[in-house]
Amino acid sequence: MPFPVLALMSCLASPVPPIEFLEQHDLIWEAPPVRWLEGIPLANGDIGALIWGDGNPLRLTLDKYDAWETREKAAPDATYQRLRQLVEEGKEKEAEDLLACWRIYSDGQDPTRLPLPRLELAFAEPFAWGSARLRLGAATSAIEGKLGEKAVKVEALVHANHNLVLLRLSGDGARPVGVKVGWDHLSKGAKKQLERWGYPAPEVESDEAGGSWYLKSPTGYELAIVWRHVPSATTDGAEVICVAVASSADAPDPLRAAKKQCDGFSDYEAALAEHRDWWAAYWERSYLTIPDARLESLYYAEMYKLGCCSRPGELPITLQGLWTLDGAMPPWSGDYHLDMNVEQSYWPIYTANRLDLGEPLYRTFSACLPRWREQCQQFFGFDGLWAGCAIGPRGERIFGYSGVEFWPGNVAWLAHHYWLHYLYSQDEAFLRDEALPIIEGAFLTYANLIEPGDDGKLHVPLSYSPEWGEGDFEGYCSDPNCDLALIRFLAGAIVQGHEILSTAAPIVERAQAVLAELTDYVRDDNRLLISAGRTLSHSHRHHSHLMAIHPLGLITRDGSDDDRDLIKGSLLKVRRRGTGEWTGWAYPWMSLIASRAGYGNMAWQMLDAYANGFIMSNTFHINGDPRIFGLSQWDYEPMTLEAGFGAAAAIMEMLLQSYGGIIQVFPTVPDRWHDAYFADLRAEGAFLVTSRLDAGQVPFVRIQSEKGRTCRIRNPFDGEGVVIEPLTPGASAPAAAGAPLSAETLVFETAAETEYLLYPEGKRPAAEVLSPPDFPRTTQELNFYGKKRHARF
């Protein structure tokens, strides 16, 4: 008897994680976060607040994306031709002098994120910490404690739609509370630096009703913070503190605008409802559950932070997002690093079905293209796009060490994200108007750089493999594999992109010629090298020589025997060299590479190591291994966010892959994972995919086609015949629907906005199989993150 389609639809219609599900992943602070690094993060894509302290006082470190010092010193009077000459002649000192201002920590005016004030709440009596909870589902926090014998509760949120920080104080001991906003906590070094740059003392006003903090920088940038005590409309005697943050990017008179926002606020409950609605819609996008409670909790914490830090219409994610270092100038200027950090931060948005979160990336950096064309002409002397590694929001140069600043591939790697957006959205207007311009510009840089060698092949004469050699003279090289991979990606995307759009352009022929004549990847037998003549001679954190495997997907386990041998040999070399010189962000990236290689256990182990040694209790990534797990030689603690987002991408990569346009469900789960489930993860081709792993078997796959493209999926049913059944009422079955299919890769045409259910012939899934598994969690596995009285990891 056929299983009713409507019954199937009812089972599959609500894959959204319910609030009860997310509650098990809420972060709980049993002990107070006495360090900024352990705080409670809140943000809305433009402003952020990190709550920390033991309550005596309770501190909120504020942040805003457009708070930048943007003045920059002049670029060096240097050219690529001169640098190449000095390198070829072995003149190390002259080469260093040529690019002197590209050295890290150089003197002068460097653009940087600005530290923002703290807001401090001071209670009338000593505060005794009880507990705190960050509710991921609603993006709210609540801190409970006592003032003497009187209970007090502080609820906080950064409003999803307005630049407001709202604090609700309730309980017998809630009032009176003092509010202080200021820069008093800045380190001597930060104060001297700001004074040297001409920053005036902020203007501060305060009275019983509230106050304001206002800064006008020497660049003309203005920032205002205004707060008001607002009586609650409820009968419990609660008080609301409304904090508005505005800048000259928001209004001509930000102080007036912030005051107007605060003065117009009156209904906390209505504001809370609107805020919750935004986050409820955010969590509806996709869902997954896995038998590893710790990694599942980490995934949801990272997806929460992603929703906090990237929103359409705002700026992209910086190194620290909206939680810039408290009390000091941020590490690495809190900037945009194009040699890995920006790219890793945005890896999860595609599979997680949150394509809109990439809008800040494309809008912000597409606006930099004119500047990057000019820079390419100035330094290289030819057409193309070129940016240094470290930049500000409008492309301002923030000089690091010379190797990564000189690298020709910074824009090229960024362009890969534009291509990914097209692959996952199938938005041809975006491909034409946004993706191809940056892809073609980055390709021209390389096409004008490469030269024929004695072997008749095209070679990269002088370049750099990111962070290999730490900017030393020895780091300059020819034919780095990262460049060869990026050139192949760019040229291939140009050919494919114009074919999709049915457009002709001279650059297509040039791209085809480069693909035909470019030298092969540099290798030693079955191992990818760093560059010509340079093997992976020691442990190295930056896996740029493996970019062809991930993220570019040019060398795959689905390719030739030689491809598989090359992947296997290259990862064996990495394992032999070890992780001693890795930083935290190297682990999620290696997990992704291992997943592409088909090594599920290695993919899991990399994430497990990351979660052990390189995060704080609030899941903030720290670059080093300060608690000495023996995973790295580094023990420092600068916080950056990209690694956590990379970890979220790596978890999804074990559940769903679609590189090359072929969908694979549960392709690289570790041996220990016998059951798992995901709903509405996105695949290339604009498909939303739902599936389950049940005792090691895949009982079904649901595919929703947004654009009606041809669907290609690796048969997950152990070679059995497959039924493809449309679920959308009125939809026609694919040509192969109902017929036994057993090919290794199933191929069928889809209709736009139509869902299909795939299952083994004769094994129509029952309702309970279509539902996600309910993994039992121990008390120690629930609410894994947040600071505990007794450490869990």
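Here is what the cut-offs are and how they apply
Residues numbered from 1 in each chain as written. Predicted model: local features only at pLDDT ≥ 70, side-chain atom pairs only at ≥ 80, totals over all residues. Heavy atoms only, no water. Helix = DSSP H or I, 4+ residues; strand = E, 2+ residues; numbered from the N terminus. Buried < 20%, exposed > 50% of the residue type's maximum accessible area, 1.4 Å probe, protein only. Contact = heavy atoms within 4.5 Å. Lys, Arg positive; Asp, Glu negative; His and termini not counted. Charge placed at Lys NZ, Arg CZ, Asp CG, Glu CD. Pairing = 2+ DSSP bridges. Axes fitted to C-alpha atoms, helices over the stretch in contact; angles between N-to-C directions. Polar contact = N/O pair within 3.5 Å; in protein donor to acceptor, adjacent residues only side chain to side chain. pLDDT = per-residue confidence, 0-100. Salt bridge = Lys/Arg side-chain N within 4 Å of Asp/Glu carboxyl O. Core = buried A, V, L, I, M, F, W, Y, C linked by side-chain atoms within 4.5 Å. Patch = residues over 30% accessible without salt bridge, like charges linked within 9 Å, V, L, I, M, F, W, Y side chains within 5 Å. Areas by Shrake-Rupley, 256 points an atom, 1.4 Å probe, with all protein chains shown as cover. Parallel < 35°, antiparallel > 145°, perpendicular 65-115°, else oblique. Nonpolar A, V, L, I, M, F, W, Y, C, P; charged D, E, K, R; others polar. Phe/Tyr/Trp six-rings, centres within 6.5 Å; stacked < 30°, edge-to-face > 60°.

(A) Molecular detail of the overall build of the protein chain. Regarding its fold elements, the protein chain presents 22 helices and 34 strands. With the C-alpha coordinates aligned to their principal axes, the bounding extent of the protein chain is approximately 80 × 75 × 50 Å. Put simply, the protein chain has 793 residues, and 64% of those count as buried. Considering only contacts in the protein chain between residues 6 or more positions apart, those separated by 24 or more positions represent 67%. Of the charged side chains in the protein chain, 72 are positive and 106 negative, and the gap between their average positions amounts to 3 Å.

(B) Inspection of the sheet that holds strand β28 (residues 676-683) at higher detail. With respect to topology, 6 strands assemble into an open sheet ordered β17-β28-β29-β30-β34-β32, the strand pairing being antiparallel. In this open sheet, the two edge strands, each paired with only one partner strand, are β17 (287-289) and β32 (722-726). Averaged over all adjacent pairs, the angle separating strand axes in this sheet is 20 degrees, with direction ignored. In this sheet, strand β29 (residues 687-693) lies alongside β28 in antiparallel orientation, the contact comprising 6 bridges. The residue of β29 that forms the bridge with L681 is V689.

(C) Spatial organisation of the side chain of E69. When you line up the elements, E69 lands in strand β5 (residues 68-69). Residue class for E69 comes out buried when judged on its relative accessible area of 0%. Within the structure, the side chain of E69 is placed 2.6 Å from the side chain of Y199, a separation counted as a polar contact.

(D) Seen up close, the sheet that holds strand β3 (residues 47-52). Spatially, β2-β3-β4-β7-β12 is the arrangement adopted by the 5 strands of the open sheet, whose pairing is antiparallel. Pairing within the sheet leaves two strands with one partner each, and these edge strands are β2 (40-43) and β12 (177-182). Neighbour to neighbour, the strand axes of the sheet diverge by 20 degrees on average, direction disregarded. Both β3 and strand β4 (residues 58-64) contribute to a ladder of 6 bridges, which runs antiparallel. Each bridged residue has a counterpart across the sheet, and for I51 the counterpart in β4 is L60.

(E) The pairing of β3, seen in detail. Most of β3 is tucked away, with 6 of its 6 residues classed as buried. The two faces of β3 match: I47, A49 and I51 on one face and G48, L50 and W52 on the other face are all buried. In this sheet, β3 lies alongside β2 in antiparallel orientation, the contact comprising 4 bridges. Each residue of the ladder has a partner; that of A43, found in β3, is G48. Taken together, β2 and the strand that follows it, β3, pair antiparallel across an intervening segment of 3 residues, in which G45 is found at a positive phi of about 90 degrees. Hairpin geometry of β3 and β4 is characterised by an intervening segment of 5 residues between the two adjacent antiparallel strands and by a positive phi of about 105 degrees at G53.

(F) Quick look at the confidence of the model for the protein chain. Model confidence for the protein chain is summarised by a mean pLDDT of 93, while 95% of its residues fall at 70 or above. The low-confidence segment residues 1-14, where pLDDT is below 50, has 23 contacts with residues more than four positions distant or belonging to other chains.

(G) Structural context of unusual backbone geometry. Put simply, N56 and P57 share a cis peptide bond, and its omega is 5 degrees. At the junction of H550 and P551, the peptide bond is cis and its omega measures out at 15 degrees in the coordinates. Along the polypeptide, P551 turns up in the loop between β25 (527-528) and α18 (561-577). The phi dihedral of S502 is positive, around 55 degrees, even though this residue is not glycine. Mapping S502 onto the fold places it in the loop between α16 (481-501) and α17 (506-517).

(H) Expanded view of the pattern of salt bridges. Inspection of every chain in the model, using the stated rule, returns 44 salt bridges. Residues E405 and R397 are paired through a salt bridge, measuring 3.3 Å at the closest nitrogen-oxygen approach. Of the two residues, E405 and R397, both sit in the buried class. Taken together, the salt bridges that share partners define one network made up of E23, D26, R133 and R135.

(I) Representation of the nonpolar core in the model. Counting residues in each nonpolar core, the largest one holds 257 residues, and the members touching the most others are L83, F365, W372, I438, I663 and L758. Here this core takes 12 residues from α16, the largest share from any one element. Contacts of L758, omitting those with residues within four sequence positions, involve P699, F700, V701, I703, I713, F717, V722, V723, I724, L746 and F748. Counting residues in hydrophobic clusters, the runner-up holds 18 residues, among them A244, A246, F265 and Y268.

(J) Local environment of a negative patch on the surface. Taken together, the side chains of E92, E96, D472 and E474 present a region of like negative charge at the surface. Tracing the backbone shows D472 in the loop between β22 (463-464) and β23 (476-477).

(K) Seen up close, the environment of V34. When you line up the elements, V34 lands in the loop between β1 (27-29) and β2. Residue class for V34 comes out partly exposed when judged on its relative accessible area of 44%. As a C-alpha pair, V34 and E637 span 603 residues in sequence and 16 Å in three-dimensional space.

(L) Broad picture of the side chain of E684. Mapped onto the elements of the fold, E684 is located in the loop between β28 and β29. Excluding residues within four positions of it along the chain, E684 makes contact with L423, Y424, S658, Y659, G660 and G661.

(M) Fine view of the packing of helix α19 (residues 586-597) against helix α20 (residues 600-613). Their axes nearest at 7 Å, the elements α19 and α20 cross at an angle of 170 degrees. Viewed along their axes, α19 and α20 adopt a mutual orientation that is roughly antiparallel. Contact residues: Y587, P588, M590, S591, A594 and S595 in α19; M602, A603, M606, L607, A609 and Y610 in α20. In terms of residue class, the contact of α19 with α20 is made up of 10 nonpolar, 2 polar and no charged.

(N) Up close: the pairing of strand β13 (residues 203-207). For β13, the tally of buried residues reaches only 0 of 5 residues, placing the bulk of the element at the surface. Alignment of β13 against strand β14 (residues 210-216), held across 5 bridges, turns out to be antiparallel. Considered in β14, the bridge of V204 is made with W213. Following β13, the chain reverses through 2 residues before pairing antiparallel with β14.

(O) Examining the packing of aromatic side chains more closely. One pass over the structure, following the stated rule, counts 43 aromatic pairs. Residues W183 and W213 carry aromatic rings whose centres are separated by 5.3 Å and whose planes lie at 80 degrees to one another, so their mutual orientation is edge-to-face. Residue W183 is located in the loop between β12 and α5 (188-196), and its partner W213 is located in strand β14; the two are separated by 30 residues in the primary sequence. Across this residue pair, the class does not change: W183 and W213 are buried. Three or more aromatic residues joined by ring pairs make a cluster, and in this case those are F21, W278, W279, Y282, W283, Y287, Y299, Y300, Y304 and Y677.

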